[in-house]
Amino acid sequence: MVFLCDFDGTITKVDVVDTFLEVFADREYLDVEERWLKGEISSLDCLSQQVSLVKDIDKEKVDYFLESIEIDEHFKDFVEFVKTFSGKVFIISDGFRYFIEKILDKHGIKVDLILSNELIFTEEGLKVEFPYYYPFCSAKMGNCKCKFYEKNIHHEKLYYIGDGRSDFCVATKVEKVFAKGKLYEYLKSVGKKVYKFENFKDIIKNLQEEIKNDGKRTFRT
């Protein structure tokens, strides 16, 4: 079994990228956000432009900021639960790998894979790279979650966990989805069966019930 899991607002209690921009970026980043919400620019262009508005920054300041970010108290238990059944947890995010790794390391959490955009520190300032960019991404994201799904794990017993707009496309393709926030409302609006959760303890309980109903302590692949 494989769990694809969003990061910002799903594992963390706030959207880390949005909070980072609120703290460090020029207010113009809000205008860029509005253009993205209106569909005038892609997620990739939005993120690149917003990061370019972050001035006078270094790793020390970023690391200090990341220390303040809280995660779901039950996420670590969830990862350990999944590993008990030889499952895998993949974090697939349109945020930044640097943020994700720093936050998970703080809590001693190891996942099986992280697919995300890259935040690069240079003498001129911050830059963004998009190693998982796909030019035909229907959601116009920097990290095309659907492309990863289609190329790599369509044959697996698959679950998806998310909360926001970057999850809309891929969540419609996955058999079982745990959702909250905008993702939950969207999936309900399009008639997709979805399981609502408030925290990862809810997901663990749901999976325990699934195991019970299967009549065995394993997952089918």
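Keep in mind that this is a model prediction, so the values were computed, not measured.

1. Overview of the overall build of the chain
Of regular secondary structure, the chain possesses ten helices and seven strands. Dimensions along the principal axes, computed over C-alpha positions, put the chain at roughly 60 × 35 × 30 Å. Taking all 221 residues of the chain together, the buried fraction comes to 50%. Residue pairs in contact within the chain that sit at least 24 positions apart in sequence constitute 59% of those at least 6 positions apart.

2. Comments concerning unusual backbone geometry
Despite not being glycine, aspartate 56 has its phi angle at roughly 50 degrees, a positive value. Topologically, aspartate 56 is positioned in the loop between helix 3 (43-51) and helix 4 (59-66). Judged by relative accessible area, aspartate 56 falls into the exposed class, the value being 64%. A positive phi angle, near 60 degrees, is found at serine 86, a position not held by glycine. Following the sequence through the fold, serine 86 ends up in the loop between helix 5 (75-84) and strand 2 (88-96).

3. Remarks on the confidence of the model for the chain
Overall, the prediction assigns the chain a mean pLDDT of 92, with 95% of residues at 70 or greater. Considering each helix and strand of the chain separately, the mean pLDDT is smallest for helix 7 (residues 145-152), with a value of 85, and largest for helix 6 (residues 97-106), with 98.

4. A look at the nonpolar core
Counting residues in hydrophobic clusters, the biggest one holds 56 residues, and the most contacted among them are Phe20, Phe75, Phe78, Phe99, Leu104, Val111 and Ile161. With sequence-adjacent residues up to four places away left out, phenylalanine 75 is seen in contact with Cys5, Ile11, Val89, Leu104, Ile109, Val111 and Phe200. In terms of nonpolar packing, the next biggest core, distinct from the first, is built from 23 residues, Tyr149, Tyr160, Ala179 and Leu187 among them.

5. Side note on the packing of helix 2 (residues 29-37) against helix 3
Where helix 2 contacts helix 3, the axes come no closer than 9 Å and their chain directions differ by 180 degrees. Considered as vectors, helix 2 and helix 3 are oriented roughly antiparallel to each other. Contact with helix 2, carried on its side by Tyr29, Val32, Glu33, Arg35 and Trp36, involves Ser43, Cys46, Gln49 and Gln50 of helix 3 and no other residues of that element. Considering only residue class, the contact of helix 2 with helix 3 consists of four nonpolar, three polar and two charged.

Calculation criteria
Residues numbered from 1 in each chain as written. Predicted model: local features only at pLDDT ≥ 70, side-chain atom pairs only at ≥ 80, totals over all residues. Heavy atoms only, no water. Helix = DSSP H or I, 4+ residues; strand = E, 2+ residues; numbered from the N terminus. Buried < 20%, exposed > 50% of the residue type's maximum accessible area, 1.4 Å probe, protein only. Contact = heavy atoms within 4.5 Å. pLDDT = per-residue confidence, 0-100. Core = buried A, V, L, I, M, F, W, Y, C linked by side-chain atoms within 4.5 Å. Axes fitted to C-alpha atoms, helices over the stretch in contact; angles between N-to-C directions. Parallel < 35°, antiparallel > 145°, perpendicular 65-115°, else oblique. Nonpolar A, V, L, I, M, F, W, Y, C, P; charged D, E, K, R; others polar.

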